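What follows is the residue order along each chain.
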Amino acid sequence: MATFAKPENALKRAEELITVGQKQEALQALHDLITSRRYRAWQKTLERIMFKYVELCVDMRRGRFAKDGLIQYRIVCQQVNINSLEEVIKHFMHLATERAELARNQAQALEEALDVEDLEADKRPEDLMLSYVSGEKGKDRSDRELVTPWFKFLWETYRTVLEILRNNSRLEALYAMTAHRAFQFCKQYKRTTEFRRLCEIIRNHLANLNKYRDQRDRPDLSAPESLQLYLDTRFEQLKVATELGLWQEAFRSIEDIYGLMCMVKKTPKASLMVVYYGKLTEIFWMSSNHLYHAYAWLKLFSLQKSFNKNLSQKDLQLIASSVVLAALSVPPYDQSYGASHLELENEKERSLRVANLIGFEVEPKAENRVALSRSSLLSELVSKGVMSCVTQEVKDLYHVLENEFLPLDLALKVQPVLSKISKLGGKLSSVSSVPEVQLSQYVPALEKLATLRLLQQVSQVYQTIQIDNISKMIPFFDFTVIEKISVDAVRRNFLAIKVDHMKGAVFFGKQSIEAEGLRDHLSLLAESLSKARTMIYPPAKKAAKLGEALSNLAEIVEKEHKRLLARKSIIEKRKEEQERLLLEMERVEETKRRELQKMTEEAEQKRIAAEYEQRRNQRILKEIEDRELEEAQALLHEAEKRSKRKKKPVLEGEKMTKQVIMELALNEQLRERQEMEKKLLKFAKTMDHLERAKREEAAPLIESAFKQRLAEEAALHEREQQQEIELSRQRHAGDLEEKRRLGRMLENKRILQEKVVSSREAEFTRMKRERQERISQIIQSRKQEREARRKMIFFLRSEEERQKRLQEEEEARKREEAERRKKEEAERQAKLDEIAEKQRRRMLELEEKEKREREEILRRSTAVLSKPAEPPTLGRPAELGGAAPIPAAAATAPTPGPGKYVPRHLRAKMDGAGQAPPPETDKWGGGSKPDDRPSWRDERKPSPFGSGSRTSWPASRR
């Protein structure tokens, strides 16, 4: 990377490289300078470098380099001179737009040149194969290669600028301007894919703005200027989306506007709201949401009538007619009838969401939410006076469809009215948001509504009617269309109708117990139960051939599906492999290019280093001489400017040094200063003489003027004094005459005064007496009220004490009852514990007895083994009494020696040969009395009072 002492040197070096055709090296040199940490302070030279840098980036279509450079320059200019960054970005976009327009003008076939679905997508494998197979490219491909790269670069330019300017409060206007130009680019060249991406980019910028609120230069949406810029951008996005026909994106733009207003808790101006509802009407009409379309028209009508002072009567009639016709176009039945619970919930949520968009409540409340419906819309039209503004044809149509009952002539009366309405419409001169209104667009929906109303009214009069008669009554539809409309109405539970084509008749019915759907409900239930039983208990007979064929068909379909999926995956893998190979080739080429560039840069650096070493001393000396010469020439020019003499100082070529020039300049300045001082002294002396002469001449004139002014003012004062005296005399005489005239009425005045005073005293006495009586009555009534209140309070307190006493008694009774139950429970628990203790003791006794018996048996076995010579005499236990004779076989049986193991079967022969079998014992050989030994059934029952016990319950418990 080359280093430069000054930024001017880098700019000079880049211009030299551009002159010799090495633009890549020039761009790299400027890029290294801009990204270097040495030049972080802004200066005017950096701005010129950035202008040259963006020109090179545009010329070579290097968007990545341009983005990196602009980001670095933004860091430099952010706090010092942000206007410089704005100028650079404007220049960058101007160059990119100019080159794109130049390429567009050079293309001959614009439609073929711009026939690309996605500007950011790479070339398809088919295009590459076609370019390799065909030896000569066509004109369309030439145009594509000429125009499309520049449009790609222009699109990348807009994205780069928006990314750099996002979340920057100082460049909000430039951000809005860039977004508008990007929208116009998409609109002019029909770039729908790029428009969707642009909307998503702007939407993400706003989301990040709300997510990261602690940024330093974050725009403040509460500021009116910032909010207006963001709103203008969103409304421009909405307009372009509708002009491109991207209705889904237009609806998302509507949601963006509503979300932005909810964010700042403000409502836009009426002019913007008119555009908002005008676009909403188009969106809902294209999506066939007639109900929301009508509500949007109603809001637009209210805004125009309230805020548009220039609205003409004709435009008002057209808008009101559109509102009424849009409301009538709404189907008269519930669209969500018969839907599942999940679909109903989704529809409810969607309706509330759209209602908020139409109502535009920035702070929606749950209690204020009202579901939108056709009936409420029509009632609102009547209440707001919309019907008074519509044309006569629309009024007649509304009256026929909503109020009259004409089962046979409804369609015939509606048809001429619809033909008149279809001719109404035109451009609105005083409404800019809706330039044109055509009422003919509502005619198909109104014909459908007329058909439904006629069928509804006919179903109330007739039970059966011929198909031909219905076709005659509805002239604007074939019977196939009428049948489709009827099927939809039946599915929505608006009509109960059945068409029999064999009889050529239509049957009407009511949704009662005799209806076909309810009459066969038991048979349908039986069939469903039979199917369920067959599924649970399938028949034993073999399946039919048709079932086998169907099962095989399912397997074949599954195999075919798997084969197609495998083929699809193979194709995808091949495409991915082809793309990977292309990417690999591009990567290899890029690696080679970078290596070649690196080698070139290294050679250039070596050459620069050698030249730098060779010319170092010469450049330093030359710079010193040039600097001194420049300073000397500057001083000389300065002296020439200050000097008024025509003769200039003589310059002896390059031999004149800085010191000589400075001495000449100082001498010249000193001489000029002396001359100036002399001139000033002479001028001051002249001015003194002139001023003294002026004052001497003016003194007598001033004295005479003063005396004349005194005489004039004395005469004026005398004249005004005489006038004031005369006026005073006249006023005095008039006052005396008035006094004489009023003196005759003095007695009458006194009499009237006495009369008025006496009457007022009598009135005062009467009112005082009445007041005293009224006060006494009020005091008496209040005493009675206090007495009644005291009695009522006493009664209430007595009643409360009684209730409290009853409550305490009830609580005491409940406590006693609880204590009694607790005591009984404790006694019952004690009895159970006593029984358990007895059972435990019995168990211990039994276990002790078994243990003694086992020890007795072991002792006997040991005694027998220790006496082999004695005959084995094994009788019954002592407690059983008696002994049995020993058999001979047992006497002659061999006796094992002491300490040897004796098998169990031999021990049985040795111990019990010829004797009665001893009582059964457990696995230890122990026995017990028959009454004491538990049975095998009781051994397997667990005891509730002890773990591991094999003893049965006591007889009393059993």
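Look a little higher up for the structure.
Predicted model only: the values in this text are computed from it and were never measured. Each chain carries its own residue numbering, running from 1 in the written order of its sequence. The predicted nature of this model means local features are confined to residues of pLDDT at least 70 and side-chain atom pairs, given and counted, to a pLDDT of 80 or more, with totals for whole chains, interfaces and linings taken over all residues. Calculation of side-chain values draws on the structure's entire complement of heavy atoms; hydrogens and water are dropped beforehand.

Enquirer: Would you mind showing me how to read the packing of aromatic side chains here?
Expert: The geometry of an aromatic ring pair is captured by two quantities: the separation of the ring centres and the angle between the planes. When two rings of Phe, Tyr or Trp (its six-membered ring) have centres within 6.5 Å they constitute a pair, described as stacked for plane angles under 30 degrees, edge-to-face for angles over 60, and tilted for the intermediate range. For the coordinates displayed, the defined rule picks out 13 aromatic pairs. With a centroid separation of 5.1 Å and 90 degrees between ring planes, the pair formed by Y276 and Y277 is classed as edge-to-face. Centroid distance Y333 to F494: 5.8 Å. Interplanar angle 55 degrees. Geometry classified as tilted. Linking Y333 in the loop between α15 (313-328) and α16 (341-359) with F494 in the loop between α22 (479-491) and β4 (497-500), this pair joins segments that are 161 residues apart in sequence. With respect to class, Y333 is no different from F494; both count as buried. Counting as a charge over the ring demands two things of the Lys NZ or Arg CZ atom: a distance within 6 Å of the ring centre and an angle within 35 degrees of the ring normal. The cationic tip of R61 hangs over the ring face of W150; the distance from NZ or CZ to the ring centre is 5.0 Å. For K498, the ring lying beneath its charged end belongs to F507, and the centroid distance is 5.9 Å. The way it works is that DSSP assigns letters per residue, a run of H or I at least four long becomes a helix, a run of E at least two long becomes a strand, and they are numbered from the N terminus. Only protein chains enter the accessibility calculation, which uses a 1.4 Å probe; a residue whose area is less than 20% of its type maximum is buried, one above 50% is exposed, and one in between is partly exposed.

Enquirer: When you look at empty space enclosed by the protein in this model, what are you seeing that I'm missing?
Expert: The gaps left among the atoms become clear once a water-sized probe is rolled over them. The distinction between a cavity and a pocket rests on a 1 Å grid over the protein atoms alone: a 1.4 Å probe fits inside a cavity but cannot get out, while a pocket stays open yet meets protein on both sides within 12 Å along at least five of seven lines, and a residue with an atom within 4 Å of a point counts as lining. Grid points are joined across faces, edges and corners, and a volume is the space filled by probe spheres set on the points. Scanning all chains against the criterion turns up two cavities of 30 Å³ or more. Looking at the lining of the second largest cavity, the elements with two or more residues in it are α10 (192-211) and α11 (224-244). Per element, the largest residue contribution to the lining of the second largest cavity is four residues, and it comes from α10. Here the lining of the second largest cavity is built from residues that sort into five nonpolar, two polar and two charged. Gly is placed with the polar residues, together with every amino acid not listed as nonpolar (Ala, Val, Leu, Ile, Met, Phe, Trp, Tyr, Cys and Pro) or charged (Asp, Glu, Lys and Arg).

Enquirer: What should I look at first to understand the sheet that holds β4 in this one?
Expert: Hydrogen bonds between backbone atoms are what pair the strands of a sheet, whose relative direction is either parallel or antiparallel. For two strands to count as paired, DSSP must find a minimum of two bridges between them. Reading across from one edge, β3-β5-β4 is the order of the three strands in this open sheet, with antiparallel pairing throughout. Two strands lie at the open edges of the sheet, namely β3 (464-466) and β4, each paired on one side alone. With strand direction ignored, the average angle separating the axes of adjacent strands in the sheet is 20 degrees. One ladder, built from four bridges, connects β4 with strand β5 (residues 505-508); its direction is antiparallel. Looking at β5, one finds that K498 is bridged to F507. Each axis is a line fitted through C-alpha atoms, taken for helices only over the stretch in contact, and angles between the N-to-C directions span 0 to 180 degrees.

Enquirer: Can you walk me through a nonpolar patch on the surface in this structure?
Expert: Taken together, the side chains of F405, L408, V461 and Y462 define a hydrophobic patch exposed on the protein surface, amounting to about 340 Å² of accessible area. Inspection of the secondary structure puts Y462 in the loop between α20 (443-461) and β3. By definition, no residue in a patch forms a salt bridge, and every one has over 30% relative accessible area; like charges are joined within 9 Å, nonpolar side chains (Val, Leu, Ile, Met, Phe, Trp, Tyr) within 5 Å. Note on areas: Shrake-Rupley with a 1.4 Å probe; residue coverage comes only from the protein chains shown. The working definition used for a salt bridge is a side-chain nitrogen of Lys or Arg within 4 Å of a carboxyl oxygen of Asp or Glu.

Enquirer: What is the right way to look at the nonpolar core in this model?
Expert: General note: in soluble globular proteins, nonpolar side chains tend to be found buried as a group. For our purposes a nonpolar core is just a set of buried Ala, Val, Leu, Ile, Met, Phe, Trp, Tyr and Cys residues, chained together by side-chain atoms within 4.5 Å. Residues F195, Y276, W297, V324, L397 and I470 are the most contacted members of the largest nonpolar core, which totals 159 residues. With eleven residues, the single largest contributor to this core is helix α8 (residues 139-165). If we skip the residues at most four places from it in the chain, F195 touches F183, C186, Q237, V240, A241, L244, L246 and E249. Two residues qualify as a contact provided that any one of their heavy atoms is within 4.5 Å of a heavy atom in the partner residue.

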